[in-house]
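Architecture and fold: a report
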Amino acid sequence: MTEHVEWSEPEAPAPTAQAPVTPADAADAARLVAFGLQPKLLPARDQEYADLLRRYREDPPFARLADAVAAGLGLVVLEVSPRAGMAVTAAEDSVFAVRMGDYARRTAADSGDRFLHGLAHLAVAAMAFPRPEDLADDGYIGRVTVNGVDAFVRQACRRLEERAAEQGENTDPATDAPGLEAAWRIWARRSATGATKDARRPAASTTGIVAKAVTFLTESGFLQRTGDDNGGTFRTTARYQLQVRDMAGSAAMAELLELGVVPVTDGTPTLMPAEETDDLELVADAGLPFHSA
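Figured I'd write up the structure that's included with this text. (Residues numbered from 1 in each chain as written. Predicted model: local features only at pLDDT ≥ 70, side-chain atom pairs only at ≥ 80, totals over all residues. Heavy atoms only, no water.)

1. A word on the overall build of the protein chain
Across its full length, the protein chain carries eleven helices and five strands. Out of the 293 residues in the protein chain, the part that is buried amounts to 41%. For the protein chain, the proportion of contacts with a sequence separation of at least 24, taken over those separated by at least 6, is 61%. For the protein chain, the accessible area works out to roughly 16200 Å², and carbon and sulfur atoms hold 52% of it. (Helix = DSSP H or I, 4+ residues; strand = E, 2+ residues; numbered from the N terminus. Buried < 20%, exposed > 50% of the residue type's maximum accessible area, 1.4 Å probe, protein only. Contact = heavy atoms within 4.5 Å. Areas by Shrake-Rupley, 256 points an atom, 1.4 Å probe, with all protein chains shown as cover.)

This is the structure we're talking about:
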């Protein structure tokens, strides 16, 4: 008697159950985000930080958990890598967001100078990464100086005055006029250095405003001071490059680029001709920052 054997398709293996998130996992994810909020701390100098970064890159569930912790705090993760650590930036509604009004009060600046402080930060970013390929190259290091940034903005002011004259516009707006263009014109009227009895740089001078900006960026881990020439020389960090990438498409940056003023990469003012000449034409084939060829 022959037995009949019923054949059936082998059962598919049951999906592996994902390990539940433990309080220890949540604590580690929050710890990683906390490291990311210390921009001067480098993973190479802290073993726990390096270990958590490695776990983020090798353990997708942990990475999602860390991203969720960051998002819950109103933070945007720009990059997680050995070079930049966990680089985060604050969303507009985040408790960690630094607003220009708060920044101006922190630097003891008059509220009317808010536009000038914003312009200083914008000019530092444009000078630090003058070409799109520099901004895209992870190994690129930008360099700026305090005096170079001030000269850069003053040449932008001259371009604005020329453009306004050509279009028959008012070239002398009220000091409290809103808008970035008004800020550039106010900058042109402000003393670059001023004078104090003890030869210090007045905080309200334009170089004083730039100095405040680069000091803030240095304290935030975006720049590193390299010398005292030209009012102070600085180099960029990986975190600053990520921040500038994030802001490169802003309307304010686009407005600056339209002026056709081109910074160079060694911290000197621009590729414009020397100040003692009357020729304001750009050097041939000079590329504008953040613009493709």
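Next comes the rest of the account.
2. Structural notes on the packing of helix α7 (residues 146-166) against helix α9 (residues 206-219)
In the contact formed by α7 and α9, the axes pass within 9 Å of each other and the chain directions differ by 120°. When the axes of α7 and α9 are compared, the pair comes out oblique. By crossing handedness, the relation of α7 to α9 is classed as right-handed. Taken together, the residues of α9 that come into contact with α7 (itself represented by V146, N147, V149, D150 and R154) are T206, T207, V210, A211 and V214. Its residues assigned to classes, the contact of α7 with α9 shows five nonpolar, three polar and two charged. (Axes fitted to C-alpha atoms, helices over the stretch in contact; angles between N-to-C directions. Parallel < 35°, antiparallel > 145°, perpendicular 65-115°, else oblique. Left-handed = near helix turned anticlockwise from the far one by under 90°. Nonpolar A, V, L, I, M, F, W, Y, C, P; charged D, E, K, R; others polar.)

3. Some thoughts on the sheet that holds strand β3 (residues 143-145)
Taken in spatial order, the three strands make up an open sheet running β3-β5-β4, and their pairing is antiparallel. Of all strands in the sheet, those bounded by a partner on one side alone are β3 and β4 (223-227). Neighbouring strand axes in the sheet, compared pairwise and without regard to direction, differ in orientation by 35° on average. Where β4 lies against strand β5 (residues 233-236), four bridges are found, and the strand directions are antiparallel. Of the residues in β5, the one forming a bridge with Q224 is R235. Of the strands in this sheet, β3, β4 and β5 touch helix α5 (residues 114-128), which is tilted by about 140° from β3. Across the sheet, α7 is in contact with β3 and β5; its angle to β3 comes to roughly 80°. (Pairing = 2+ DSSP bridges.)

4. A closer look at the pattern of salt bridges
Tallied over the full model, the rule gives ten salt bridges. For R54, the salt bridge identified is with D51, shortest N-O distance 2.9 Å. Highlighted residues: R54 and D51, both in helix α2 (residues 47-58), separated by three residues, approximately one helical turn. Residue classification places R54 among the partly exposed positions, given a relative accessible area of 41%. A relative accessible area of 35% means that D51 is categorised as partly exposed. With a shortest N-O distance of 3.3 Å, R154 and D150 are connected by a salt bridge. Taken together, the residues span about one helical turn, with R154 and D150 both in helix α7 at a distance of four residues. Take R154: its relative accessible area is 21%, and that puts it in the partly exposed class. (Salt bridge = Lys/Arg side-chain N within 4 Å of Asp/Glu carboxyl O.)

5. Regarding the side chain of S205
Within the secondary structure, S205 is located in the loop between α8 (180-189) and α9. For S205, a relative accessible area of 3% puts it in the buried group.

6. Overview of the packing of helix α1 (residues 23-36) against α2
Look at α1 against α2: their axes get within 10 Å of each other, and the N-to-C directions meet at 115°. Between α1 and α2, the crossing angle belongs to the class labelled roughly perpendicular. The chirality of how α1 crosses α2 is left-handed. Note on element contacts: α2 touches α1 through E48, Y49, L52, L53, R55 and Y56, opposite D25, D28, R31, L32, F35 and G36. When grouped by side-chain class, the residues that make up the contact of α1 with α2 number six nonpolar, one polar and five charged.

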